[in-house]
Amino acid sequence: MRYVWARTLCTAGCLLVVLTSAGCDTSDRAAEEAEGFVWIFDGESLEGWEGDPAYWRVENGALVGEVTPSTLLERNTFIIWRGGWTRDFELKLEYLVSAEGNSGINYRSEEVDGVPFALRGYQADLDGANRYTGSNYEERGRTTLAAQGEVTIIPAIEHAASVQEHVEQNRWTPAETVRSLGSSTSLDARIHSDDWNDYHLVVENNRMRHFVNGVLMSDVTDNDTLNRRFEGLLGVQVHVGPPMKVEYRNIRLKQLD
């Protein structure tokens, strides 16, 4: 596979820039490793990851999630990284999603009792139509904490009988939008359709920033002591809906705590 060849060259310390589908630049990788980033997907196998094999596989150096007409979902499903927990961290990866695709990167999440490969927690959203890409969505929780292009503060709330009391039109209504990061048109123009994109998460304490192709897409400060989480699992998703395909590669994690 092209990724394996490039990865071997990187390991050997070759100074050439290898132009493959995986986009491996040996100098960039060495620099990121020196900064503390660790590659958590080997590009060859699902070692260290756990998900339903009906939806997840490795292909051409990428972690592939695919829903076909014969495997339509009744609920969202994830492949979960079993190599550790996410607390304060940076995550970098590349993704490619089909036009009808809907996916996301969950972090600081927990498994749902009795539901295999389901996660509850923060999600860096992404989709082929770029309606949600870069937003912060809490899966099975408070729903949208910041839409694409928003800087929000999530205030503390008093005890509620259920989370749904504060959800309206798939948005957490107590969220306070304090600043705009740009219009949907200007932000969408920075996202590549039918091509690879870079996703970068910076999560420290109660602040979560989502960058796509170097552009800040959402920024959340979560002061909700009742519902926020400071640690949990990492996983990526395939979503209920029409057939879709999403690919992830060059997944690297830097723990900040």
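Please read these numbers as outputs of a predicted model, since none were measured by experiment.

> So what about helix α2 (residues 26-34)? Which residues, and what values?
Turning to α2, its buried residues are Thr26, Arg29 and Glu32. For α2, the buried positions fall inside an angular range of 130° around the axis, keeping them on one side. Residue glycine 36 follows α2 closely and has a positive phi angle near 110°.

> Would you mind going over the pairing of strand β7 (residues 102-111) in detail, with residue names and values included?
Burial analysis of β7 places eight of its ten residues in the buried class, which makes it a mostly covered element. As judged from the eight bridges shared by β7 and strand β8 (residues 119-127), these two strands associate in the antiparallel manner. What sits directly across from asparagine 102, in β8, is aspartate 127. Pairing of β7 with strand β18 (residues 232-238) involves three bridges; the strand directions are antiparallel. Along β18, the bridge assignment pairs asparagine 106 with glycine 235.

> Report on the nonpolar core, specifying residues and quantitative values.
By size, the foremost hydrophobic cluster in this structure holds 45 residues, and its most contacted members are Leu91, Ile105 and Tyr248. With near-sequence residues (within four places) excluded, isoleucine 105 lies in contact with Leu91, Leu93, Tyr122, Gln123, Ala124, Tyr199, Leu201, Leu234, Gly235, Val236 and Tyr248.

> How would you explain the packing of aromatic side chains if you had to name every residue and give the values?
Counting across every chain of the model gives three aromatic pairs. On the basis of an interplanar angle of 70° and a centroid distance of 5.5 Å, the ring pair of phenylalanine 89 and tyrosine 107 is categorised as edge-to-face. Here the residue phenylalanine 89 occupies a position in strand β6 (residues 89-97), and tyrosine 107 occupies one in strand β7, the gap between them amounting to 18 residues. A ring pair is formed by tyrosine 95 and tyrosine 199, whose centres lie 5.8 Å apart and whose planes are at 45°; its orientation type is tilted. Of this pair, tyrosine 95 sits in strand β6 while tyrosine 199 sits in strand β15 (residues 197-204), and the two are 104 residues apart along the sequence. Among the aromatic side chains, those forming a connected cluster through ring pairs are Phe89, Tyr107 and Tyr122. Positioned over the ring face of tryptophan 39 is arginine 29, at 4.0 Å from the centre of the ring. The aromatic ring of tryptophan 196 is capped on one face by arginine 249, whose charged end is 3.7 Å from the ring centroid.

> Outline the layout of surface pockets, listing residues and values.
Estimated volume of the largest pocket: approximately 220 Å³. The wall of the largest pocket is formed by 15 residues, among which Asp125, Tyr132, Tyr137, Thr144 and Asn170 lie closest to the centre. Among the elements of the structure, β8 and β9 (136-139) are those that each provide at least two residues to the lining of the largest pocket. Residues that form the lining of the largest pocket fall into these classes: three nonpolar, nine polar and three charged.

Thresholds applied
Residues numbered from 1 in each chain as written. Predicted model: local features only at pLDDT ≥ 70, side-chain atom pairs only at ≥ 80, totals over all residues. Heavy atoms only, no water. Buried < 20%, exposed > 50% of the residue type's maximum accessible area, 1.4 Å probe, protein only. Helix = DSSP H or I, 4+ residues; strand = E, 2+ residues; numbered from the N terminus. Arc of directions from axis to C-beta. Pairing = 2+ DSSP bridges. Core = buried A, V, L, I, M, F, W, Y, C linked by side-chain atoms within 4.5 Å. Contact = heavy atoms within 4.5 Å. Phe/Tyr/Trp six-rings, centres within 6.5 Å; stacked < 30°, edge-to-face > 60°. Lys NZ or Arg CZ within 6 Å of the ring centre and 35° of its normal. 1 Å grid on protein atoms, 1.4 Å probe; cavity = no way out; pocket = protein on both sides within 12 Å on 5 of 7 lines; lining within 4 Å. Points joined across faces, edges and corners; volume = space filled by probe spheres on them. Nonpolar A, V, L, I, M, F, W, Y, C, P; charged D, E, K, R; others polar.

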